[in-house]
Amino acid sequence: DNSINRAEVCAIVSRILNWTPTEKNDPAQSGYVLYGNKYYPVHRDVDVCPYNSNLFVLDGSTMYYNDPAYTTALGIDVSSHQGEIDWEKVASSGVEFAIIRLGYRGYGSEGTLNLDPYFEQNLEGAKAAGLKVGVYFFSQAISVAEAEEEAYFVLDKLRGHNITGPVVFDWEVIGKSEARTYGIETGVLCAAANAFCEIIEDAGYDAMIYITDYAGYVKYDLSKVMDYPLWYARYDVSAPTFYYDFAMWQYSSKGSVDGIKGNVDMDIWFIK
């Protein structure tokens, strides 16, 4: 409530200009998250990641989290890239849930909507094997209208199917300046994600948003999409490193599961 004089202003500015982060930056203290040699202001109203990095244990392709405050589930996410899947073997291997690609928007300027050719087969196979099943749509939306179009496409293809897992808005940056999503503004992306998720939830499903470190720190303003849980992707680390809270971690793209030929994405779902 008091006025500030010129000397005090100079002192504050000088301290800011000469501030050097410590070697191990603590965002709670510094107010900044370090990503890619750049510091991003912390969103103070977004929940911080609650998981203890010392309690993660990877055994083969299976990630465990040994915290009595949480129940976890082991899962995979699949698309046509996995080809034919023996879902009974998958279920017998200990996998508890599957997130199945329903479709995708093309990378090109036309941005057509496409159904994953294995969607129906994978959905029915996973359900018959007793797995909890969700779906994701690989988005390349560049406007709210396109995100809404994607959501209605998803709902149309889910008609007649009962799923018990989330419906995920999986927006990713593919390529560089040639990508149709290149240069999308943060406000537009957040509005698009919210529009997709709102339509999905209004239809009675649980919506979720997929993020990487780049999307979470650079492209999204997470304070604008707080109504929906996050599915975080980061591979080849012993514990998740994302600063903010998330409900599911895609911890590997090179998992091995009985019933699937080749690599498969592995996931762990945290339930309080």
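Please refer to the structure placed before this passage.
Residues numbered from 1 in each chain as written. Predicted model: local features only at pLDDT ≥ 70, side-chain atom pairs only at ≥ 80, totals over all residues. Heavy atoms only, no water.

Q: Where do I start with a nonpolar patch on the surface in this structure?
A: Together, I4, V9, I12, V13, I16 and L17 give the surface a local cluster of nonpolar side chains, amounting to about 570 Å² of exposed area. Among the secondary structure elements, V13 is positioned in helix α1 (residues 6-17). Its relative accessible area of 41% is what places V13 among the partly exposed residues. (Patch = residues over 30% accessible without salt bridge, like charges linked within 9 Å, V, L, I, M, F, W, Y side chains within 5 Å. Areas by Shrake-Rupley, 256 points an atom, 1.4 Å probe, with all protein chains shown as cover. Salt bridge = Lys/Arg side-chain N within 4 Å of Asp/Glu carboxyl O. Helix = DSSP H or I, 4+ residues; strand = E, 2+ residues; numbered from the N terminus. Buried < 20%, exposed > 50% of the residue type's maximum accessible area, 1.4 Å probe, protein only.)

Q: Looking at this structure, I do not really get the packing of helix α5 (residues 144-158) against helix α6 (residues 186-202). What am I missing?
A: In a packed pair of helices, the relevant descriptors are the angle between the two axes and the axis-to-axis distance. The N-to-C vectors of α5 and α6 enclose an angle of 25 degrees; their axes lie 8 Å apart at closest approach. Between α5 and α6, the angle is such that the two are roughly parallel. The hand of the α5/α6 crossing is right-handed. Where α5 abuts α6, its residues V144, A147, E148, E150, A151, Y152, V154 and L155 lie against A191, A192, A195, F196, I199 and I200. The residue makeup of the contact of α5 with α6, split by class, is 12 nonpolar, no polar and two charged. (Axes fitted to C-alpha atoms, helices over the stretch in contact; angles between N-to-C directions. Parallel < 35°, antiparallel > 145°, perpendicular 65-115°, else oblique. Left-handed = near helix turned anticlockwise from the far one by under 90°. Contact = heavy atoms within 4.5 Å. Nonpolar A, V, L, I, M, F, W, Y, C, P; charged D, E, K, R; others polar.)

Q: Mind showing me how you'd approach the environment of K224 here?
A: Among the secondary structure elements, K224 is positioned in the loop between α7 (213-219) and β11 (230-233). Spatially, the C-alpha atoms of K224 and E110 are 28 Å apart, while their sequence positions differ by 114 residues. K224 has contacts with C190 and N194, leaving out every residue within four places of it along the chain.

Q: What am I meant to see in a negative patch on the surface here?
A: On the surface, a cluster of negative charge is contributed by E148, E198, E201, D202, D206 and D227. When residues in the negative patch are grouped by element, the largest group, three residues, is from α6. Residue D227 is classed as exposed on the basis of its relative accessible area of 66%. (Lys, Arg positive; Asp, Glu negative; His and termini not counted. Charge placed at Lys NZ, Arg CZ, Asp CG, Glu CD.)

Q: How should I be thinking about helix α4 (residues 119-128) in this particular structure?
A: Residue pairs three or four apart in sequence face the same way in an α-helix, which turns once every 3.6 residues. Every buried residue of α4 is accounted for by F119, N122, L123, G125 and A126. Along its buried surface, α4 packs onto β5 (71-78), α3 (87-92), β6 (97-105), β7 (113-115), β8 (132-139) and α5. The first or second residue beyond α4 is G130, which carries a positive phi of 90 degrees.

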